[in-house]
There are 2 protein chains.
Amino acid sequence: MSIKVYLAGPEVFLPNAREALDVKIALTRAAGLIPVSPGDFTIPPKPSKRELGHAISAIDEQMMDSADAIIANLTPYHGVSADTGTCYELGYMCAQGKFAYAYTNVAASLRERTIAHYDGDVVTDANGRLRSRRDGLAVEDMDMSDNLMMQGGVERRGGQMIVHAAAPERLYLDTTAFEQCLRLLAARAG
Amino acid sequence: MSIKVYLAGPEVFLPNAREALDVKIALTRAAGLIPVSPGDFTIPPKPSKRELGHAISAIDEQMMDSADAIIANLTPYHGVSADTGTCYELGYMCAQGKFAYAYTNVAASLRERTIAHYDGDVVTDANGRLRSRRDGLAVEDMDMSDNLMMQGGVERRGGQMIVHAAAPERLYLDTTAFEQCLRLLAARAG
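What you see as residue numbers is a count from 1 along each chain, following the sequence as written. Whichever chain is written first becomes A and whichever ligand is written first becomes 1, with later ones labelled in order. This being a predicted model, a pLDDT of at least 70 is required before a residue's local features are given, and a value of 80 or more before pairs of side-chain atoms are given or counted; all residues contribute to the totals for chains, interfaces and linings. Only heavy atoms go into the side-chain values, all of them from the structure, while hydrogens and water stay out.

(A) Looking closely at the nonpolar core. Here, nonpolar core means buried Ala, Val, Leu, Ile, Met, Phe, Trp, Tyr and Cys residues that are tied together by side-chain atoms lying within 4.5 Å of each other. Under the scheme applied here, a residue whose accessible area is under 20% of the maximum for its type counts as buried, over 50% as exposed, and between as partly exposed, the area being computed with a 1.4 Å probe on protein chains only. Counting 52 residues, the largest nonpolar core has Y6(A), L74(A), L90(A), Y6(B), L74(B) and L90(B) as its most contacted members. Sequence-distant contacts of Y6(B), that is, excluding residues within four places in its chain, are made with V36(B), P38(B), D60(B), M63(B), M64(B), A67(B), A69(B), I70(B), I71(B) and E89(B). Note on contacts: a residue pair is in contact if any heavy atoms of the two residues lie within 4.5 Å.

Here you go:
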């Protein structure tokens, strides 16, 4: 069977979004899978920004409902963690029992990135838990690339979280890890 | 009927997590709802951090599966946007068609927070879209408090995203917006 895979990630925010999405779409087809891409629609004008946001939300959810799998780009975005919209989408697909894979183009673990976010100003508390000395928040330390709900949700369903150290100037464009996800998904679904 | 509501948010990372969760649990009961709280379990020792993460992921998903509703604390965490685990959970519950409400204790919109993240170094591109001059990434501008998938997912399902400006020292402890979500959910489910 041919399976449809929803391509989740922050590429829609790139200046060359169309080009970046097209590269992923072509790679998906080359892997024998059917791409479903969040950039692939046009929306009639709406009376407000909020209503435009709702329209995009509705279309993206319809696309996910129509897909059999998700590959989520969890590369850090605007800081420590992944794009929040992509995280919502990964949870949305995991809840439906779809095939789920994820990747990140940053090699550092969530623990390492969180410590860097606090400029190393962390301390081990009385319970052995690492915490920021600035705001007291715990540093998640599960030997994972992002919050355990995402990586746990993927791995517990037989998927994988692929980690690849991309060059900084190719942070959102490097497709090495994405292609690995495609291969794993194609092999499993085939 | 009495409905079960999953209390999603980054409170588990607070130094006084147990206390903060207990406050939300008590408020939920006082609203006539049954709380399901991600801190309420003990996990036997695991051979690795990763396996501990998987165990927590499994329990949290079971809790969500058992619940009829979610109230997600989308207060910014570690930067511009909400806690990514909470975003996964909101998507997970929206996919199941559960009642969904969310709140944030920061009044600034996602647009305002993103511009601040870039220290105001943004410009309008040829298509009228606001972009960072540093990395070219678009500033999401949907008149919402976080990514459109989250707020769109909530509002399109008849829920609401409640915005409250908490004092900075009560950023993760102020329950004003949470209590408003409880009232809305109780009225709708009752």
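(B) Fine view of the pattern of salt bridges. All names here are of chain A. When a carboxyl oxygen of Asp or Glu is within 4 Å of a side-chain nitrogen of Lys or Arg, the pair counts as a salt bridge. In total, this model carries 26 salt bridges over all chains according to the counting rule given. Residue R111 pairs with D141 through a salt bridge whose shortest N-O separation is 2.9 Å. Here the residue R111 occupies a position in helix α4 (residues 110-117), and D141 occupies one in the loop between β6 (130-132) and α5 (148-156), the gap between them amounting to 30 residues. Relative accessible area serves as the criterion here: at 21%, D141 is assigned to the partly exposed category. Residue R133 pairs with D121 through a salt bridge whose shortest N-O separation is 2.9 Å. Placement of the pair is R133 in the loop between β6 and α5 and D121 in the loop between α4 and β5 (122-124), with a sequence separation of 12 residues. Where salt bridges share partners, they join D119, D121, R133 and R134 into one cluster. Think of it this way: any DSSP run of H or I at least four residues long counts as a helix, any run of E at least two long counts as a strand, and we number them from the N terminus.

(C) Highlighting the relation of the copies chain B and chain A. With an RMSD of 0.0 Å, the fit of chain B onto chain A corresponds to turning through 180° and sliding 0.0 Å along the axis. Here the copies are linked by what is in effect a two-fold axis. Comparing interface residues between copies, 100% of those in chain B also lie at the interface in chain A; the contact surface is shared. When the copies are overlaid, the least-squares fit takes in C-alpha atoms only where the residue has pLDDT of at least 70 in both copies.

(D) Broad picture of helix α6 (residues 176-189) of chain A. All names here are of chain A. A helix is expected to reach a length of 1.5 Å times the quantity of its residues less one. Under the 1.5 Å per step criterion, the end-to-end length of α6 is 20 Å for 14 residues, consistent within 8% with the ideal 20 Å. What α6 keeps buried is the set A177, F178, C181, L182, L185 and A189. The arc that holds the buried residues of α6, viewed along the axis, is 145°, so those residues lie on one side. Across α6 from its buried face, at more than 90 degrees, point the exposed residues R183 and A187. The secondary structure elements touched by the buried residues of α6 are β1 (4-8), α1 (17-30), β3 (69-73), β4 (99-104) and β7 (161-163). To obtain the arc, one takes the directions from the helix axis to the C-beta atoms.

(E) Looking closely at empty space enclosed by the protein. Buriedness for pockets is judged along seven lines, at least five of which must meet protein on both sides within 12 Å for an open set on the 1 Å grid over protein atoms alone, while cavities are sets there where a 1.4 Å probe fits but cannot get out, and lining residues have an atom within 4 Å of a point. Grid points are joined across faces, edges and corners, and a volume is the space filled by probe spheres set on the points. Scanning all chains against the criterion turns up 1 cavity of 30 Å³ or more. Taken as a whole, the largest cavity holds about 320 Å³ of empty space. In terms of lining residues, the largest cavity is bounded by 30 residues, among which S81(A), A82(A), T84(A), S81(B) and A82(B) are the most central. For the lining of the largest cavity, the elements supplying multiple residues, two or more each, are α4 of chain A together with α4 (110-117) of chain B.

(F) Main features of the sheet that holds β7(A). Residue and element names in this part refer to chain A. At least two bridges found by DSSP between two strands is the condition for calling them paired. Ordered by their spatial adjacency, 5 strands build an open sheet running β2-β1-β3-β4-β7, and the pairing between neighbours is parallel. Strand pairing shows two members of the sheet lacking a second neighbour, β2 (34-36) and β7, which therefore form its edges. Adjacent strand axes in the sheet meet at a mean angle of 25° when their direction is disregarded. Alignment of β3 against β4, held across 5 bridges, turns out to be parallel. Looking across to β4, one finds that A72 is bridged to A102. Taken strand by strand, helix α2 (residues 49-66) contacts β1 and β2, and its axis lies near 145° from that of β1. Each axis is a line fitted through C-alpha atoms, taken for helices only over the stretch in contact, and angles between the N-to-C directions span 0 to 180 degrees.

(G) Looking closely at the interface of chain B and chain A. Taken together, the contacts link 59 residues of chain B with 59 residues of chain A. Here's the idea: put two parts together, see how much 1.4 Å probe accessible area each one loses, and the total over both is what we call buried area. Roughly 4,800 Å² is buried in total at the junction of chain B and chain A, and carbon and sulfur atoms are behind 61% of that figure. Salt-bridge contacts for E155(A) lead to R50(B); the nearest nitrogen and oxygen are separated by 3.0 Å. Counting of polar contacts relies on pairs of N or O atoms within 3.5 Å, with two restrictions inside protein: one atom must be capable of donating a hydrogen and the other of accepting it, and residues adjacent in sequence are counted only when both atoms are side-chain atoms. Viewed at the interface, chain A and chain B are joined by 22 residue pairs in polar contact (both at pLDDT 80 or more). Sorting the residues of the side of chain B that touches chain A by element identifies α2 (49-66), α3 (84-95), α4 and α5 (148-156) of chain B as the ones contributing at least two each. Under the convention adopted here, Pro, Cys and the residues Ala, Val, Leu, Ile, Met, Phe, Trp and Tyr are nonpolar, Asp, Glu, Lys and Arg are charged, and Gly plus all remaining residues are polar. For the side of chain B that touches chain A, the residue count by class is 26 nonpolar, 17 polar and 16 charged.

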